[in-house]
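Each chain is listed here by its residues.
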Amino acid sequence: MKIGVFIPELIRHLFRTPATVDYPFKKLEVPKSFRGSPYLQPELCIVCRACERDCPAEAIEINTVKEEEKIFSLVIYNDRCIHCAQCVDSCPTKAMQMDEKFEISNFNRHNLKMDWEFVRAAVKPKAENKS
Amino acid sequence: MNFQIPIGPQHPALKEPIGLRITVEGEIIRDADIRLGYNHRGIEKLAEQKTWIQNVYLTERICGICSHSHTTCYVQGVEKLMELETPKRGLYIRMLISELERIHSHLLWLGVAGHEAGFDSFFMYVWRDREIVMDILETISGNRVHYAINTIGGVRRDLDELQVKRILDSLEVLRRRSQYYLNLGTTEPSFVARLARVGYLSREDALSLCAVGPTLRASGVPMDVRKDDPYAAYDEVPFEVCTAGTCDVLGRTVVRIKELFQSYNIIEYLMKNLPTGPIAVRAPRRAKPNEVVSRYEAPRGENLHYIKSNGSDKPERLKVRAPTLGNYAATIKMLKNGFIADVPLIFAAIDPCICCAERAVALIDARTGQEKIMSLKSLKELSLKVSPTTTRKREIEWPL
Amino acid sequence: MATVNTLIYLIIYPGLLFIFLYSTFVEWYDRKLYARLQNRMGPTHTGPSGLLQPIADFFKLMAKEDITPERADKTMFAALPPFGLAIVSTAMLLLPVWNYSLEQSSLTSFNGDIIVLLYLLSLPTFIFFLAGWSSTNLFSTIGGARVLTMLFGYEVPLFLAVLSPAVLADSWRLAEIAAFYRQQPALALVNLLGFIIALICVQAKLERTPFDIPHAETEIVGGTFTEYSGKKLAVFRLMLDVEMVVAAGLIATVFLGGFPGGPILGLINFIIKTLLVVFFLSLIRATTSRIRVDQVVSFAWKYLAPLAVLQLLIVIIVKGLIS
Ligand code: SF4
Ligand code: SF4
């Protein structure tokens, strides 16, 4: 038992700059591999629907717009997305990618929806596994 | 004069809703009663509707702090069901994250203990240093809380040289700081006065009430799943099971800080002996009908998942026994004959994770006060009776 | 002229305006210091370095909804906060800053004012007890009971510690005590033990860690203040701030030689010395964890009271030696 064992540490920090980051006024950096929100690179998507099937939050929806012209639409409901990046892992062509944004809050959850309408990519990619 | 104080479901000492009814006589607690069920989320039921791979992310959300514990426990079980051989490197990375998680959880607890005892400076300093671990976790996994590093058959992200070096470097700082907190926590008179001889739980009581984790180990029982029933590659790693003989909150604090040092050693070993090779194997989409029990030593104690498969791509049943549930009975024992002032400390000392432990469904008749426990089967029947034709709708606009 | 003077006394200095501004400043200083000791930033954005934050908090609380519990004693519940503020503001008047002359006694400085000041500082404790009791909430009631239990612990050592310098100075008048120690600064060292005891007791009186037991957030929610909201809570918080200034001022007068030098210099002296005392109070707050109410009582009677008696003995012996 010692009285005031903490005092030296406290006094030492009195003259140091605080550890707190003045966050909304000073922006923070996220590490390179940060999992932000998923986005699609439509020119690569072959509409295999793996992402739709594996998404645990059911945040991805793929619809056929015009069957004969091979036009599809892919919607990511970012409000439901749990940012797990499973869609990135599941995608065989790397059409799904994660960005590094983290300040994505919004007053209306519908504004978070992202959609793409695109022609299905023709190339059959080599089965390329991320791991 | 006896009267009852309701601590919770909403109370500043509780970070999650739980009801503690405490009968006090002056400042002395005569009886305590725990009421659960304010935060039942139906996760087990939901798991039956998701595929094996989707469930990894679901189990991760059972708990915010031991998120890796639950996925690892689940994934280990599923790997056993699917008869997969996880590569060594994958196992090592998995263990690395477990130990980092243990460090961050124990540091978090240490801070919370300080806060509950009104020692806010301690709380601030501990949490500041916890950021080091959080940052490492973020660089490795891409997120601070839900690491999502596990996948069936291995892990999802590899480590590079730079990260290994960074981890080893920060271990230095963490060791130094932990030593400082060990000294501080056991010598600052006002803090020790609050912790010592508070919440006594004898060795016999701890065993007979099935306490788990640091609560059990602080009563002098060296029980740790990592040693008793090694999973992943814990049988290759040298470490000790930390115990304390004081059986009080101070003992639980000391056990946790000692475990921090063990975790630092484990991480150092893992990083120095990191095997090369793949980090994951491909997992099939279906599992043969079978059942499995998977055990895991979470920061709070033994975590247990029971998984049953029926040959489809979804589990038939997933049962989660979170460590906190095992400690509730012991908590009541510890609370009795203590002071009101000690309630937050004693309760916090089991490191409760309340939503993780919400499993049972008890129905209480509001008019008569009668309690009724419903089985899963009768609940299913009830739900069918209430809405016989409803099927799962996908297309509905979600924010209804 | 006399009326103008009185008005200035009442409203500007050392009246309400000064009390309000200075006590909020002291709160800011305490918060900032506490934060920096913990390696945090503290208030930052309202005014320069967050100086206006306590004032902003005060006005925010004033604008909030004010709820009175159904079963509370409504008159008492509403009357207590302004009453408490009035008491501590009156106590503020007794601090000998410049509103006194050493030769003759006046309304604000007379023989025995140290006793009156101590008494006025005891009253807020009862106000807190009554506040807890009249709100009829379980947590408030426990808080109220704890306020009183603690009072039995720290009050006697506080009186002993504060009065022993008075014994040495052979006067019951604050201004004279301060003047005595200004003339013989060496004698102030005799009271070092008393100074430490007084600091600890004042910390207990102000209900700050390690003695924030009556409103220990993690145990009994808001304690005595659980049911208070809006304007009443704002007034209570202001009252606590003023009480801190008065208590710091009392310690500074008795142990640190008071505030000589007329209006301007005296004021500067006052500010420097109270801030010094508040610095010690903040340091105690940052170094310790909250103890239990039974530990307070046993600590007070096992250590503080005997030490205070020892201090008194020392003072008597020293007095015998010098006379
Ligand atoms: S990140 Fe996860 S939740 Fe979000 S869209 Fe991809 S798979 Fe679905
Ligand atoms: S984004 Fe990838 S996984 Fe999803 S449909 Fe397109 S190709 Fe398939």
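As shown above, the structure is provided for reference.
Fair warning: this is a prediction, and the values are worked out from it, not measured in the lab.

What counts and what doesn't
- Residues numbered from 1 in each chain as written.
- Chains lettered and ligands numbered in written order.
- Predicted model: local features only at pLDDT ≥ 70, side-chain atom pairs only at ≥ 80, totals over all residues.
- Heavy atoms only, no water.
- Contact = heavy atoms within 4.5 Å.
- Buried area = accessible area lost by both parts, 1.4 Å probe.
- Salt bridge = Lys/Arg side-chain N within 4 Å of Asp/Glu carboxyl O.
- Helix = DSSP H or I, 4+ residues; strand = E, 2+ residues; numbered from the N terminus.
- Nonpolar A, V, L, I, M, F, W, Y, C, P; charged D, E, K, R; others polar.
- Pairing = 2+ DSSP bridges.
- Axes fitted to C-alpha atoms, helices over the stretch in contact; angles between N-to-C directions.
- Near = heavy atom within 4 Å.

Asker: Looking at this model, I keep getting lost on the interface of chain C and chain B. Mind explaining?
Answerer: One widely used convention gives an interface's size as the accessible area the parts lose upon coming together. The interface is formed by 25 residues belonging to chain C together with 30 residues belonging to chain B. Across the interface of chain C and chain B, roughly 2300 Å² is buried in total on both sides, 56% from carbon and sulfur atoms. The largest share of the area that chain C buries against chain B comes from Thr218, Glu219 and Arg292 of chain C, three residues that together contribute 26% of it. Counting the contacts that link chain C with chain B gives 1 salt bridge. Mapped by element, the contributors of at least two residues to the side of chain C that touches chain B are helix 2 (16-37), helix 6 (138-169), helix 10 (217-220), helix 12 (262-287) and helix 13 (293-322) of chain C. Looking at the side of chain C that touches chain B residue by residue, the class counts come to 10 nonpolar, 8 polar and 7 charged.

Asker: Is there a simple way to explain the sheet that holds strand 2 (residues 60-66) of chain A in this structure?
Answerer: Adjacent strands of a sheet pair through backbone hydrogen bonds, lying either parallel or antiparallel. Residue and element names in this part refer to chain A. Spatial strand order, 2-3-5: 3 strands in an open sheet with antiparallel pairing. Strands with a single pairing partner mark the edges of an open sheet, and in this sheet they are strand 2 and strand 5 (113-119). Taking each pair of neighbouring strands and ignoring which way they run, the sheet shows an average axis angle of 20°. Bridge count for strand 3 (residues 71-77) against strand 5 is 7 bridges, and the pairing is antiparallel. Following the sheet pairing, Phe72 is matched in strand 5 by Phe118.

Asker: Can you help me understand unusual backbone geometry in this one?
Answerer: Peptide bonds are, in most cases, trans, and in most cases residues other than glycine have a negative phi. Residue and element names in this part refer to chain B. Located in the positive-phi region is Ala232, a residue other than glycine, with phi close to 40°. Topologically, Ala232 is positioned in the loop between helix 10 (225-228) and helix 11 (249-272). You will see that Asp351, though not glycine, has its phi angle at about 55°, which is positive. If you trace the backbone, Asp351 turns up in the loop between helix 13 (343-349) and strand 9 (362-364).

Asker: Would you explain the site of ligand 2 in this entry?
Answerer: Contacts to ligand 2 come from 13 residues, most closely from Cys45, Cys48, Arg49, Cys51 and Cys91 of chain A. When the residues that make up the shell around ligand 2 are grouped by side-chain class, the tally is 11 nonpolar, 1 polar and 1 charged.

Asker: Would you explain the sheet that holds strand 3 (residues 28-35) of chain B in this entry?
Answerer: All names here are of chain B. The antiparallel open sheet is built from 3 strands, whose spatial order is 1-2-3. Since the sheet does not close on itself, it has two edges, and those belong to strand 1 (2-7) and strand 3, each with one partner. In this sheet, neighbouring strand axes are inclined to one another by 20° on average, regardless of whether the strands run parallel or antiparallel. Here strand 1 runs beside strand 2 (residues 19-25); their pairing, made up of 6 bridges, is antiparallel. Its bridge partner lying in strand 2, Gln4 is registered against Thr23.

Asker: Before we go on, may I ask you to explain the interface of chain A and chain B in this structure?
Answerer: Counting from both sides, the interface comprises 31 residues of chain A and, opposite them, 35 residues of chain B. Between chain A and chain B, roughly 3200 Å² of surface is buried when both sides are summed, and carbon and sulfur atoms account for 49% of that area. Where chain A touches chain B, the interface holds 4 salt bridges. Residue Asp54 of chain A is joined to Arg285 of chain B by a salt bridge in which the shortest nitrogen-to-oxygen separation is 3.1 Å.

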